[in-house]
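Summary of the model geometry
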Amino acid sequence: MKVSKLYNWKRIPASEQSPQQTGPLPPPLQLPKEAPLALEVFPCLVDMGEAMLLCGADVHFVEVELANMGRSYGARKMNVFVITTAIIATMTLPDGYEHTLTRRIINEGSIDFTKMERLVELCHEISETQMKPDEIRLRVRECLKRPVPAWALFAGGVLSAGGFALFFGGTPLDAAVSAAFAVLLCLAIRYARPWTPNTIIFNFVNSFLCGLGILIVAQIFGNISPDMVMIGDIMLLIPGLAMTNATRDMLSGDTISGIMRFVESLLWAVALALGFMAAISLSNMIWG
């Protein structure tokens, strides 16, 4: 790969320079004619970091893995800065030239430890074998394209909702109703989540509709406790892992990322509470 394909160097004419740029222009940067393998792989390494970040990896871990992979390709030094919304990586080659890539993280992602485990194994394999860029891209796609089986999602939702309803003092009937609504929540997570603008709106809409449905069922069948049913179902949407990751980031010294993740997860939890509160208020207005 030619370096000219990676960089677009442009000399600014003197007539277009700002007052701070007056004076003689610096000599043009002399780059090697052929980009080394490290430069060709560099964008792929940033792709790996983005994928791990979106799967729930902490920022310090992503920084360490990117630095290790870069050095395995012959980089003399790797400076990597990662927060939840951006990756900035600078690779210093043995000849002294520094090359920087910046990646803006737009998607919120979702915590998926299965995918993250595959990506971590791939990171170690890359460090040991120095894969080519095309092979890295192919392997990353393979790691990300295998979703969680539908039966596992629904089974986990049903068992979790029913179990929490019983744990907090509900009856077996409350657990059964909670498990039934858990199936609807899992359908929304699997099929409606990609179409919602963000997690805040998704949590609010789902908690409102779920809470309203539970209250309607409670009005029809008076022998269930809507509070216990709601407790079981709300556990499926509580951002517990997100808060744990935020606390982990802050304790490991990544304060900016930790605060950003904590505030984000707190907003998700507030949206859940507001959705159920809105459903309860509407039911009180209708049925008193």
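This text goes with the structure placed above it.
Read on for a plain summary of the structure. (Residues numbered from 1 in each chain as written. Predicted model: local features only at pLDDT ≥ 70, side-chain atom pairs only at ≥ 80, totals over all residues. Heavy atoms only, no water.)

A short note on the overall build of the chain
Scanning the chain from terminus to terminus reveals 10 helices and 3 strands. Its helices and strands taken in sequence order, the chain reads α-α-β-β-β-α-α-α-α-α-α-α-α from the N to the C terminus. Counting all 288 residues of the chain, 40% fall into the buried class. Long-range contacts, defined here as pairs at least 24 residues apart, represent 65% of the contacts in the chain between residues at least 6 apart. Summed over its atoms, the accessible surface of the chain is roughly 16,000 Å², and 64% of this surface lies on carbon and sulfur atoms. (Helix = DSSP H or I, 4+ residues; strand = E, 2+ residues; numbered from the N terminus. Buried < 20%, exposed > 50% of the residue type's maximum accessible area, 1.4 Å probe, protein only. Contact = heavy atoms within 4.5 Å. Areas by Shrake-Rupley, 256 points an atom, 1.4 Å probe, with all protein chains shown as cover.)

Structural notes on the packing of helix H7 (residues 199-220) against helix H8 (residues 226-234)
Relative to each other, H7 and H8 sit at 150°, their axes nearing to 10 Å. Here H7 lies roughly antiparallel to H8, going by the angle between them. In this structure, the crossing between H7 and H8 has a hand that is right-handed. Of the residues in H8, those in contact with Cys 210, Gly 211, Ile 214, Leu 215 and Ala 218 of H7 are Pro 226, Val 229, Met 230 and Asp 233. (Axes fitted to C-alpha atoms, helices over the stretch in contact; angles between N-to-C directions. Parallel < 35°, antiparallel > 145°, perpendicular 65-115°, else oblique. Left-handed = near helix turned anticlockwise from the far one by under 90°.)

Quick word on the pattern of salt bridges
Under the criterion given, the structure shown has 5 salt bridges. Residue Asp 47 pairs with Arg 103 through a salt bridge whose shortest N-O separation is 2.7 Å. A residue pair is termed long-range when its members are at least 10 positions apart, and Asp 47 in helix H1 (residues 37-54) and Arg 103 in strand S3 (residues 98-104) qualify at 56 residues. For Asp 47, a relative accessible area of 29% puts it in the partly exposed group. Across the pair Asp 249 and Arg 261 runs a salt bridge whose closest N-O atoms are separated by 2.7 Å. (Salt bridge = Lys/Arg side-chain N within 4 Å of Asp/Glu carboxyl O.)

Quick look at the sheet that holds strand S1 (residues 77-83)
Spatially, S1-S2-S3 is the arrangement adopted by the 3 strands of the open sheet, whose pairing is antiparallel. Single-partner strands in this sheet number two, and they are S1 and S3. Each neighbouring strand pair of the sheet contributes to a mean axis angle of 10°, computed without reference to strand direction. Direction of pairing for S1 relative to strand S2 (residues 86-92): antiparallel, over a ladder of 7 bridges. Considered in S2, the bridge of Val 80 is made with Ala 89. (Pairing = 2+ DSSP bridges.)

Looking at the environment of Leu 274
Here Leu 274 shows up in helix H10 (residues 255-287). Judged by relative accessible area, which is 43%, Leu 274 ranks as partly exposed.

Looking at the packing of aromatic side chains
Here the structure, examined in full by the defined rule, presents 2 aromatic pairs. Seen from their ring centres, Phe 164 and Phe 168 are 6.3 Å apart, and the 25° between their planes marks the pair as stacked. Judged by its relative accessible area of 32%, Phe 164 falls in the partly exposed class. Ring centres of Phe 167 and Phe 168 lie 5.1 Å apart, and the angle between their planes is 90°; on these two criteria the pair is classed as edge-to-face. The class of Phe 168 is partly exposed, set by a relative accessible area of 37%. Three or more aromatic residues joined by ring pairs make a cluster, and in this case those are Phe 164, Phe 167 and Phe 168. Lying over the aromatic face of Phe 202, Arg 193 brings its terminal NZ or CZ to 5.6 Å of the ring centre. (Phe/Tyr/Trp six-rings, centres within 6.5 Å; stacked < 30°, edge-to-face > 60°. Lys NZ or Arg CZ within 6 Å of the ring centre and 35° of its normal.)

Digging into the side chain of Asn 245
Relative to the helices and strands, Asn 245 is located in helix H9 (residues 240-251). When neighbours within four sequence positions are excluded, Asn 245 is seen to be in contact with Gly 56, Ile 111 and Arg 261.

Notes on the environment of Leu 101
Within the element layout of this structure, Leu 101 appears in strand S3. Beyond its immediate chain neighbours, meaning those up to four positions away, Leu 101 contacts Phe 42, Pro 43, Val 46, Ile 87, Ile 88 and Ala 89.

Some details on helix H4 (residues 133-144)
Relative to the 16 Å expected for 12 residues at 1.5 Å per residue, H4 spans 17 Å between its end C-alpha atoms, a close match to the ideal helical length. Of the positions making up H4, those classed as buried are Pro 133, Ile 136, Val 140 and Cys 143. Projection of H4 onto a plane perpendicular to its axis shows the buried side chains occupying an angular sector of 85°, all on one side. The exposed set on the far side of H4, more than 90 degrees from its buried face, consists of Asp 134 and Arg 141. Buried residues belonging to H4 abut H1 and helix H3 (113-129). (Expected span 1.5 Å × (residues − 1). Arc of directions from axis to C-beta.)

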